[in-house]
Amino acid sequence: MPALRRPDRRRIRVLPAALLPVLALVAAGLPRPALAASPSAAQLQALETALNAKDDAPLAALLQQGPGIDPARMQSRRQALRQQFPDARWSLRQGPPLRDGRPSVTLRVVGSRQQGPSVFRLEGEQRLVLESDGSRFTAQTLLRESTIVRNGEQPLPVSVLIPDAVLTGQRYDVDVIFDDPLDGAYAAGGISALSQTQVAAMESPSIELAALGGGGIFRTVQAPYKPGTQTWAVLLVHPKGVVSATKLVRVVADKASLVP
């Protein structure tokens, strides 16, 4: 990519793969009491195998309509991600337990795609609570979610400093920075909040770019006054490559819910 000479203010679209709902299992919400048993290690292995299968039948057989689970929607999103990143691979592992003792699950996806001379690399991660009736998954709660897509010969190291959860009405920092000094290079970037409609439709937002003077994006924002979620989309343009990222922030009404 040629050097950026004078980054101007312009609006461009985030890379489609940088949208928040790129993982097969997506649900927004707050922790809630368990309604069924936690899945076994064998069920988690079966889910990982189904996510990586060529067709949708294995995944459909494991899902039951329920809180946070819409089988048709999940299959559609999995197919959309596979179209963007044909070599996408999912992995599941046990995560740290919640304060109430329920186990969590970490779901990761990695993939890449060739677009002209550039190779774009995806990394995404969710922390979930999954529930099962012993044979199928019946409910899920999303606790954390983020994605990042990079291109360039060497992946640009970037830190996304956005909290996982905040209180209603709270002002908080949304910072995304290049880890290495710019060393005189010009860079541009922008950040935008995604609406629930954009998230649900996997819509690629338009982001206004501006020259970065401090090696990143630094913004203070305010959380909504009602519990729910906020989703941020970020785009950074550097002479050595492009970085796009998304991050979900849970908005909770009491401090006890900040750490599930």
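Just so it is clear, the structure is predicted and the values come from calculations on it, not from any experiment. (Residues numbered from 1 in each chain as written. Predicted model: local features only at pLDDT ≥ 70, side-chain atom pairs only at ≥ 80, totals over all residues. Heavy atoms only, no water.)

**Observations concerning the overall build of the chain**
Argument step 1. In terms of helices and strands, the chain carries 4 helices and 13 strands.
Argument step 2. Looking at the 260 residues of the chain, the share that counts as buried comes to 51%.
Argument step 3. Restricting to contacts in the chain with at least 6 residues of sequence separation, those with at least 24 account for 67%.
Argument step 4. For the chain, the accessible surface area stands at approximately 12,100 Å², while carbon and sulfur atoms represent 53% of it. (Helix = DSSP H or I, 4+ residues; strand = E, 2+ residues; numbered from the N terminus. Buried < 20%, exposed > 50% of the residue type's maximum accessible area, 1.4 Å probe, protein only. Contact = heavy atoms within 4.5 Å. Areas by Shrake-Rupley, 256 points an atom, 1.4 Å probe, with all protein chains shown as cover.)

**Notes on the packing of aromatic side chains**
Argument step 1. For the structure on display, the rule yields 0 aromatic pairs.
Argument step 2. Directly above the aromatic system of F85 lies the positively charged group of R113, at a separation of 5.3 Å from the ring centroid.
Argument step 3. Positioned over the ring face of F120 is R113, at 5.1 Å from the centre of the ring. (Phe/Tyr/Trp six-rings, centres within 6.5 Å; stacked < 30°, edge-to-face > 60°. Lys NZ or Arg CZ within 6 Å of the ring centre and 35° of its normal.)

**Notes on the pairing of strand β5 (residues 137-150)**
Argument step 1. With 12 of its 14 residues buried, β5 lies for the most part within the structure.
Argument step 2. For strand β4 (residues 118-132) and β5, the ladder comprises 12 bridges, and the chain directions are antiparallel. Within β5, the residue paired with R127 across the bridge is R144.
Argument step 3. Counting the residues between successive antiparallel strands, the hairpin from β4 to β5 contains 4 residues, one of them, G134, with a positive phi of roughly 105°.
Argument step 4. For β5 and strand β13 (residues 241-252), the ladder comprises 5 bridges, and the chain directions are antiparallel. By the bridge assignment, I148 is partnered in β13 with A245. (Pairing = 2+ DSSP bridges.)

**What about helix α3 (residues 71-84)?**
Argument step 1. An ideal rise of 1.5 Å per residue puts 20 Å on 14 residues; α3 measures up with 20 Å between its terminal C-alpha atoms.
Argument step 2. Looking at α3, one finds that the buried residues are P71, M74, Q75, R77, R78, L81, R82 and Q84. (Expected span 1.5 Å × (residues − 1).)

**Some thoughts on the environment of V199**
Argument step 1. Relative to the helices and strands, V199 is located in helix α4 (residues 196-201).
Argument step 2. For the pair V199 and T231, spaced 32 residues apart in the sequence, the C-alpha separation amounts to 8.0 Å.

**Describing the confidence of the model for the chain**
Argument step 1. Predicted confidence across the chain gives a mean pLDDT of 84, with 86% of residues reaching 70 or more.
Argument step 2. Strand β7 (residues 165-167) holds the highest mean pLDDT among the elements of the chain, 98, whereas strand β1 (residues 10-13) holds the lowest, 47.
Argument step 3. In the predicted structure, residues 1-10 sits below a pLDDT of 50 and forms 25 contacts with residues beyond four places in sequence or in another chain.
Argument step 4. Predicted confidence is poor over residues 12-35, with pLDDT under 50, and the contacts of this stretch with residues over four places away or in other chains come to 104 contacts. (pLDDT = per-residue confidence, 0-100.)

**Let's talk about the sheet that holds strand β8 (residues 171-178)**
Argument step 1. Strand order in the open sheet formed by 3 strands is β6-β8-β11, and the pairing between neighbours is antiparallel. Taken across any chain shown, the strands that pair with only one partner, and hence form the sheet edges, are β6 (158-161) and β11 (216-222). Going from strand to strand, the sheet's axes swing by 10° on average, the running direction of each strand aside.
Argument step 2. One ladder, built from 7 bridges, connects β8 with β11; its direction is antiparallel. Residue V176 lies in a different strand from β11, and its bridge partner there is I217. (Axes fitted to C-alpha atoms, helices over the stretch in contact; angles between N-to-C directions.)

**Some remarks on the nonpolar core**
One broad trend across soluble globular proteins is that nonpolar side chains are buried collectively.
Argument step 1. Ranked by internal contacts, the top residues of the largest apolar core, which has 25 residues, are L47, W90, L130 and F137.
Argument step 2. The contact partners of L130, leaving out residues within four places of it in the chain, are A37, S38, P39, L44, L47, V105, F137, A139 and Q140.
Argument step 3. In terms of nonpolar packing, the next biggest core, distinct from the first, is built from 23 residues, Y172, V221, A223 and V243 among them. (Core = buried A, V, L, I, M, F, W, Y, C linked by side-chain atoms within 4.5 Å.)

**With respect to the environment of P205**
Argument step 1. In this fold, P205 is placed in the loop between α4 and β10 (206-211).
Argument step 2. Put simply, P205 and A193 are 12 residues apart on the chain and 8.9 Å apart in space, counted from C-alpha to C-alpha.

**Notes on helix α1 (residues 41-51)**
Along an α-helix, a turn takes 3.6 residues, which lines up residues three or four apart on a common side.
Argument step 1. Turning to α1, its buried residues number three or more, namely Q43, L44, L47, E48, A50 and L51. Within α1, the buried residues cover an arc of 165° as seen down the axis, which keeps them to one side. Among the exposed residues of α1, those oriented more than 90 degrees off its buried face are A41 and A42.
Argument step 2. Contacts from the buried residues of α1 go to α2 (57-62), α3, β2 (89-95), β3 (104-115), β4 and β5. (Arc of directions from axis to C-beta.)

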